[in-house]
Amino acid sequence: MDQQRITIVPLTTENIKDVNVTNDYFTIFGKLVPSFKDGIWSHGEELFDKPRETCFPDDDLNWQAYIDNNSKALFLAYSDGNCIGQVRIIKDVNRFCYIENIAIIKSARRQGVGKLLLHKAEEWAKAQKLVGLSLEAQDDNLGACRFYLKHGFKLGGMDTYRHYINPNIDTALFWYKPFALSD
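The rules behind the values
Residues numbered from 1 in each chain as written. Predicted model: local features only at pLDDT ≥ 70, side-chain atom pairs only at ≥ 80, totals over all residues. Heavy atoms only, no water. Helix = DSSP H or I, 4+ residues; strand = E, 2+ residues; numbered from the N terminus. Rg over C-alpha atoms; globule rule 2.2 N^0.38 Å. Buried < 20%, exposed > 50% of the residue type's maximum accessible area, 1.4 Å probe, protein only. Contact = heavy atoms within 4.5 Å. Areas by Shrake-Rupley, 256 points an atom, 1.4 Å probe, with all protein chains shown as cover. Salt bridge = Lys/Arg side-chain N within 4 Å of Asp/Glu carboxyl O. Pairing = 2+ DSSP bridges. Axes fitted to C-alpha atoms, helices over the stretch in contact; angles between N-to-C directions. Patch = residues over 30% accessible without salt bridge, like charges linked within 9 Å, V, L, I, M, F, W, Y side chains within 5 Å. Polar contact = N/O pair within 3.5 Å; in protein donor to acceptor, adjacent residues only side chain to side chain.

Peer 1: For this particular structure, what's the right way to read the overall build of the chain?
Peer 2: Counting secondary structure elements, the chain contains 2 helices and 9 strands. Listing every helix and strand of the chain by position from the N terminus yields β-β-β-β-β-β-α-β-α-β-β. The C-alpha atoms of the chain give 16 Å as radius of gyration, which agrees with the globular expectation for 183 residues (16 Å, within 12%). Taking the principal axes of its C-alpha atoms as reference, the chain extends roughly 45 × 40 × 35 Å. Sorting the 183 residues of the chain into buried and exposed places 42% on the buried side. Once local pairs closer than 6 in sequence are excluded, the contacts in the chain between residues at least 24 apart make up 65%. Counting every atom, the chain has about 10,700 Å² of accessible surface; 50% of that belongs to carbon and sulfur.

Rendered as structure tokens:
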């Protein structure tokens, strides 16, 4: 897929229908194993013997609230008229731009779409005078964790009770990408 043929556009009333198109299956093949020592986070990896496919449920939110809003936004990626990805972001209380969701259809993964969506989130956050990007990922979504590491995110913490009532989620990992003070 040619990145020059990918367009990133804000959510509009006309393209709300495309929001959940990007909610595709992904493979769970291992987990990130964090450790905290002397005030520093580090991590290892544990690969699973048997990978499995999973999918998050479709989101059912007030999508109109993401249109022309200085506190939240949703951007969709298109290629040849088809929606292939999204990033949904909000201003968080800690002045970070919190990425609520980033999703790319399976056939468009590993082709730079995620990088373009992160760049759009960063651009929006800087326009809002926020201090960086943040997000949550589950420890068993090693593919996502590797993606965030590759794009400059640092592990900032973990929570074993965040998804207490969900037996499918063990540990939430919190990732941060602070902007340089000169940005």
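Peer 1: How do you make sense of the pattern of salt bridges when you look at a structure like this?
Peer 2: Here the idea is simple: oppositely charged side chains can pair when their charged atoms come close. Taken as a whole and judged by the stated rule, the model has 11 salt bridges. Of the charged contacts, one joins Asp80 and Arg5 as a salt bridge, the two residues approaching to 2.2 Å between their closest N and O atoms. Placement of Asp80 in the loop between β4 (72-79) and β5 (82-91) and of Arg5 in the segment before β1 (6-10) is noted, with a sequence separation of 75 residues between them. On the basis of relative accessible area, Asp80 is assigned to the exposed category, the value being 55%. When the shortest N-O distance is used, the salt bridge between Glu136 and Arg162 registers 3.0 Å. Separated by 26 residues along the polypeptide, Glu136 in strand β7 (residues 132-138) and Arg162 in the loop between β8 (154-159) and β9 (172-178) bring together distant segments of the chain. What makes Glu136 buried here is its relative accessible area of 15%.

Peer 1: Just checking my understanding: could you explain the side chain of Gln138 for this structure?
Peer 2: By secondary structure assignment, the location of Gln138 is in strand β7. A relative accessible area of 10% means that Gln138 is categorised as buried. Dropping the residues within four chain positions of it, Gln138 is found in contact with Phe56, Cys145, His163, Ile169 and Thr171.

Peer 1: How do you make sense of the sheet that holds β5 when you look at a structure like this?
Peer 2: Note: strands within a sheet are paired through backbone hydrogen bonds, in either parallel or antiparallel orientation. Strand order in the open sheet formed by 7 strands is β1-β4-β5-β6-β7-β9-β8, with mixed pairing between adjacent strands. Each end of this open sheet is capped by a strand with a single partner; those strands are β1 and β8. Across the sheet, the mean angle from the axis of one strand to that of its neighbour is 25°, orientation sign disregarded. Two elements, β1 and β4, share 5 bridges in a ladder whose sense is antiparallel. When the sheet's bridge partners are listed, Ile6 is paired in β4 with Ser79.

Peer 1: When you look at a nonpolar patch on the surface in this model, what are you seeing that I'm missing?
Peer 2: Taken together, Tyr161, Tyr164 and Ile165 make up a surface patch of nonpolar side chains, about 490 Å² in accessible area. For Ile165, the position within the fold is in the loop between β8 and β9. Since its relative accessible area comes to 81%, Ile165 is described here as exposed.

Peer 1: Can you help me understand the side chain of Asp18 in this one?
Peer 2: Along the chain, Asp18 falls in the loop between β1 and β2 (26-37). Exposure remark for Asp18: the relative accessible area of 13% places this residue in the buried category. Reaching out from Asp18, the side chain makes a polar contact with the side chain of Tyr78 at a distance of 2.5 Å.

Peer 1: I keep staring at unusual backbone geometry and nothing clicks. Help me out?
Peer 2: Most peptide bonds take the trans configuration, and most residues that are not glycine carry a negative phi. Here the phi dihedral of Asp68 falls at roughly 50°; this positive angle occurs in a residue that is not glycine. Within the secondary structure layout, Asp68 lies in the loop between β3 (40-54) and β4. Taking the relative accessible area as the measure of exposure, Asp68 reaches 80% and is therefore exposed. Its identity as a non-glycine residue notwithstanding, Asp80 has a phi of 50°, on the positive side.

Peer 1: Would you mind showing me how to read the environment of Gln138 here?
Peer 2: Linking Gln138 and Glu53, residues 85 residues apart in sequence, is a C-alpha distance of 15 Å. A polar contact is formed between the side chain of Gln138 and the side chain of Glu136, at a distance of 3.2 Å.

In short, the description is geometric, and any link to function would need to be established separately.
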